[in-house]
Amino acid sequence: DAGVTQSPTHLIKTRGQQVTLRCSPISGHKSVSWYQQVLGQGPQFIFQYYEKEERGRGNFPDRFSARQFPNYSSELNVNALLLGDSALYLCASSSPGAVQEDTQYFGPGTRLTVL
Amino acid sequence: AQTVTQSQPEMSVQEAETVTLSCTYDTSESNYYLFWYKQPPSRQMILVIRQEAYKQQNATENRFSVNFQKAAKSFSLKISDSQLGDTAMYFCAFMKTTGGGADGLTFGKGTHLIIQP
């Protein structure tokens, strides 16, 4: 079975631009979470979506938004990019209601560089 | 809010040795899950082991085992017979059980483990 996939792998943007990152969860998983990992730090939670509804949000500004589609894939959007948004963006999927429903499985990430 | 602390920024051991990575956490929750994730240079975050706080028995997965001390809020990872492929960043993470994981995982800053040949 395919794991969590993310696209693109790398992305370079300039300050003030907007970016969209994409994630496809493991087949059968209905929940997707997004994390930001700045170099040298652990990941920070941004959003969790389940059944197309936002279930949780971390301490990130409104420039960050996300959505989940009927096939459970998800997009993370960041507007008005700042230099500090440069990071690895990780997507994780999980399967609420299943055995070990809490366990999140991560994709390979998208490396965003803001110049 | 929960916090996770990993006090060892970097550790280095010889191949085949046993190594223990430390993790402490702070929470007012009584029910939660704890995880260790591994992130090699390829940057893919890989689940190593999970522990449910209500279980007293320490989790084990092949060469990986944990020492979970709930009262002390300590959750260390022991890697036995270390291998070159174990070289990676290791992150300790916390998730509370209420809300179905809607608050996401809280991670520590990580420990860079280097296995020397």
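Quick caveat: nothing in here was measured; it's all calculated off a predicted structure.

Student: Can you tell me about the overall build of chain A, naming the residues and giving the values?
Tutor: Of regular secondary structure, chain A possesses zero helices and eleven strands. Its helices and strands taken in sequence order, chain A reads β-β-β-β-β-β-β-β-β-β-β from the N to the C terminus. Relative to its length of 115 residues, chain A is compact, with a C-alpha radius of gyration of 13 Å against a globular reference of 13 Å. Along the first, second and third principal axes, the C-alpha set of chain A runs to 40 × 25 × 25 Å. When the 115 residues of chain A are sorted by exposure, 50% land in the buried category.

Student: Lay out the pairing of strand S4 (residues 31-37) of chain A with the relevant residues and their values.
Tutor: All names here are of chain A. Burial runs high along S4: seven of the seven residues are buried. Here S4 shows two buried faces, one formed by Ser31, Ser33, Tyr35 and Gln37 and the other by Val32, Trp34 and Gln36. In this sheet, strand S5 (residues 44-50) lies alongside S4 in antiparallel orientation, the contact comprising six bridges. In the sheet register, glutamine 36 faces S5, and the bridge partner there is glutamine 44. In sequence, S4 turns back onto S5 through a hairpin of six residues, with glycine 40 there showing a positive phi of about 85°.

Student: How would you summarise the interface of chain A and chain B if you had to cite specific residues and measurements?
Tutor: With 26 residues of chain A at the interface, the matching set in chain B holds 21 residues. For the pair chain A and chain B, the summed buried surface comes to about 1800 Å²; carbon and sulfur atoms form 50% of the total. Among the residues chain A hides against chain B, the three largest losses belong to Pro43(A), Asp102(A) and Phe106(A). Together they make up 29% of the total. Joining chain A to chain B, the criterion identifies zero salt bridges. Put simply, chain A and chain B have eight residue pairs in polar contact (both at pLDDT 80 or more) between them. Those elements that provide at least two residues to the side of chain A that touches chain B are S4, S5, strand S6 (53-57), strand S9 (87-94), strand S10 (105-106) and strand S11 (110-114) of chain A. For the side of chain A that touches chain B, the element with the most residues is S6(A), which contributes three residues. Taken together, the residues of the side of chain A that touches chain B break down into eight nonpolar, 14 polar and four charged.

Student: Any chance you could break down the side chain of Gln51(B) for me, citing the residues and the numbers?
Tutor: Residues and elements named next belong to chain B. On the secondary structure map, glutamine 51 appears in strand S6 (residues 46-52). In terms of polar contacts, glutamine 51 uses its side chain to reach the backbone carbonyl oxygen of lysine 55, at 3.2 Å. Once you skip the residues sitting within four places of it in the chain, glutamine 51 turns out to touch Tyr32, Tyr33, Leu34, Gln57, Asn58, Ala59, Val66, Phe68 and Phe75.

Student: Run through unusual backbone geometry, naming residues and quoting values.
Tutor: Between Ser7(A) and Pro8(A) the backbone carries a cis peptide bond, its omega angle lying at -10°. Tracing the chain through its elements places Pro8(A) in the loop between strand S1 (5-7) and strand S2 (10-13). Of note in the backbone geometry, Glu51(A) takes a positive phi value of approximately 50° without being a glycine. Along the chain, the position of Glu51(A) falls in the loop between S5 and S6. The residue Asp81(B) is not glycine, and still its phi comes out positive at about 50°. Residue placement: Asp81(B) occurs in the loop between strand S9 (74-79) and strand S10 (88-96).

Rules behind the numbers
- Residues numbered from 1 in each chain as written.
- Chains lettered and ligands numbered in written order.
- Predicted model: local features only at pLDDT ≥ 70, side-chain atom pairs only at ≥ 80, totals over all residues.
- Heavy atoms only, no water.
- Helix = DSSP H or I, 4+ residues; strand = E, 2+ residues; numbered from the N terminus.
- Rg over C-alpha atoms; globule rule 2.2 N^0.38 Å.
- Buried < 20%, exposed > 50% of the residue type's maximum accessible area, 1.4 Å probe, protein only.
- Pairing = 2+ DSSP bridges.
- Contact = heavy atoms within 4.5 Å.
- Buried area = accessible area lost by both parts, 1.4 Å probe.
- Salt bridge = Lys/Arg side-chain N within 4 Å of Asp/Glu carboxyl O.
- Polar contact = N/O pair within 3.5 Å; in protein donor to acceptor, adjacent residues only side chain to side chain.
- Nonpolar A, V, L, I, M, F, W, Y, C, P; charged D, E, K, R; others polar.

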